[in-house]
Amino acid sequence: MNGESLTQAKLKRRQLGLAGVIVLQCVAAVFFVGDVLVDLMQAPLAQHALLELLVTLALIVGIGLNACQLRRMLERMQVQDKALGTARGDLARIVESQFEIWCLTPAERDVGFLALKGLDAAEIAAIRGAAKGTVRAQLTRIYAKAGVSGRAQFAAWFVEDLLDGGLGPAGSIPRGLTKAPIQTERLDPK
């Protein structure tokens, strides 16, 4: 299981646990409402009956709050799943367009994608049915075309795009342009 499916499984267990607590609280609330009604019919203003009524109302409010929390959690998960899917698609488009800009050959593109996924030269060679030396040569050409010195800088190039807003809204600073330096004013006159 990968990290993403483990996280999804944890969230599902958390949701099921919260739903189970809500069901248990509902069963308890039905019991207490019945008990309060019987107590109020027998002794309408007895302290015991009024205290049970307050506790039952608190339980019902708790059920409502837990139900709202579960609903918000489900909505948040849907939003996060959608954002993650969008980010994945955007990253794939960014990588593909950058590979075009660097004029990578189809073989270099395949090797580049596998390198970005974290595979080493031997693993890439095994997957592609190529010699390890051929894959190393392709990686060297990819790094040269990208203007980086190795795998870490190659991967960091795309991560930097994500962190700098490459997947963000329009108006972000394109790669290769530098941000204007922050200028500060002197507060004390000379």
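Quick summary incoming for the structure in this document.

Quick word on the pattern of salt bridges
Then, in step 1: A full pass over the atoms with the stated rule returns 5 salt bridges.
Then, in step 2: For the salt bridge of E108 with K145, the shortest nitrogen-to-oxygen distance reads 2.8 Å. Taken together, the residues span a long stretch of sequence, with E108 in helix α3 (residues 106-116) and K145 in helix α5 (residues 132-146) at a distance of 37 residues.
Then, in step 3: With relative accessibility at 34%, the residue K145 sits in the partly exposed group.

Some points on unusual backbone geometry
Then, in step 1: Phi is positive for C103, close to 60°, though the residue is something other than glycine.
Then, in step 2: Structurally, the position occupied by C103 is in the loop between α2 (47-101) and α3.
Then, in step 3: According to the relative accessible area criterion, C103 is exposed, its value standing at 57%.

Let's talk about the packing of α3 against α5
Then, in step 1: Contact geometry of α3 with α5 gives a least axis separation of 10 Å together with a crossing angle of 90°. With respect to α5, the element α3 is oriented roughly perpendicular. Of the residues in α5, those touching α3 at A107, E108, V111, G112 and A115 are V135, Q138, L139, R141, I142 and K145.
Then, in step 2: Taken together, the residues that form the contact of α3 with α5 break down as 6 nonpolar, 2 polar and 3 charged.

Regarding α3
Given 3.6 residues to a turn, an α-helix orients residues that are three or four positions apart in the same direction.
Then, in step 1: Taken together, the buried positions of α3 are occupied by E108, R109, V111, G112, L114 and A115.
Then, in step 2: Just past α3, the residue G118 takes up positive phi, approximately 100°.

Here we look at the nonpolar core
Then, in step 1: Formed by 20 residues in total, the largest nonpolar core has its most connected members in F99, W102, V135, L139, F154 and F158.
Then, in step 2: Those elements that place two or more of their residues in this core are α2, α3, α4 (121-128), α5 and α6 (151-163).
Then, in step 3: By residue number, the principal contributor to this core is α5, which donates 5 residues.
Then, in step 4: Residues contacting F154, with those up to four places away along its chain left out, are F99, W102, G112, A115, L116, I142, Y143, A146 and V148.

Description of the packing of aromatic side chains
Then, in step 1: Scanning the entire structure with this criterion turns up 11 aromatic pairs.
Then, in step 2: Seen from their ring centres, F31 and F32 are 5.4 Å apart, and the 70° between their planes marks the pair as edge-to-face.
Then, in step 3: A residue is classified by how much of its surface remains accessible, and F32, at 32% relative accessible area, is partly exposed.
Then, in step 4: Geometrically, the ring pair formed by F99 and F154 is stacked, given 6.3 Å between the ring centres and 10° between the ring planes. Of this pair, F99 sits in helix α2 while F154 sits in helix α6, and the two are 55 residues apart along the sequence.

Re the packing of α3 against α4
Then, in step 1: Running from N to C, α3 and α4 point in directions that differ by 130°, and their axes come no closer than 10 Å. Here α4 runs oblique to α3, going by the angle between their axes. With respect to the hand of their crossing, α3 and α4 are arranged in right-handed fashion. Where α3 abuts α4, its residues A107, D110, V111, L114 and A115 lie against I124, I127 and R128.
Then, in step 2: When grouped by side-chain class, the residues that make up the contact of α3 with α4 number 6 nonpolar, no polar and 2 charged.

Side note on a nonpolar patch on the surface
Then, in step 1: Residues V33, L37, L45, L50, L53, L54, L57 and I60 make up a contiguous nonpolar surface patch of about 720 Å² in total accessible area.
Then, in step 2: Examining the composition of the nonpolar patch, we find that 5 residues originate from one element, α2, more than from any other.
Then, in step 3: Structurally, L53 is set in helix α2.
Then, in step 4: Exposure remark for L53: the relative accessible area of 31% places this residue in the partly exposed category.

The rules behind each value
Residues numbered from 1 in each chain as written. Predicted model: local features only at pLDDT ≥ 70, side-chain atom pairs only at ≥ 80, totals over all residues. Heavy atoms only, no water. Salt bridge = Lys/Arg side-chain N within 4 Å of Asp/Glu carboxyl O. Helix = DSSP H or I, 4+ residues; strand = E, 2+ residues; numbered from the N terminus. Buried < 20%, exposed > 50% of the residue type's maximum accessible area, 1.4 Å probe, protein only. Axes fitted to C-alpha atoms, helices over the stretch in contact; angles between N-to-C directions. Parallel < 35°, antiparallel > 145°, perpendicular 65-115°, else oblique. Contact = heavy atoms within 4.5 Å. Nonpolar A, V, L, I, M, F, W, Y, C, P; charged D, E, K, R; others polar. Core = buried A, V, L, I, M, F, W, Y, C linked by side-chain atoms within 4.5 Å. Phe/Tyr/Trp six-rings, centres within 6.5 Å; stacked < 30°, edge-to-face > 60°. Left-handed = near helix turned anticlockwise from the far one by under 90°. Patch = residues over 30% accessible without salt bridge, like charges linked within 9 Å, V, L, I, M, F, W, Y side chains within 5 Å. Areas by Shrake-Rupley, 256 points an atom, 1.4 Å probe, with all protein chains shown as cover.

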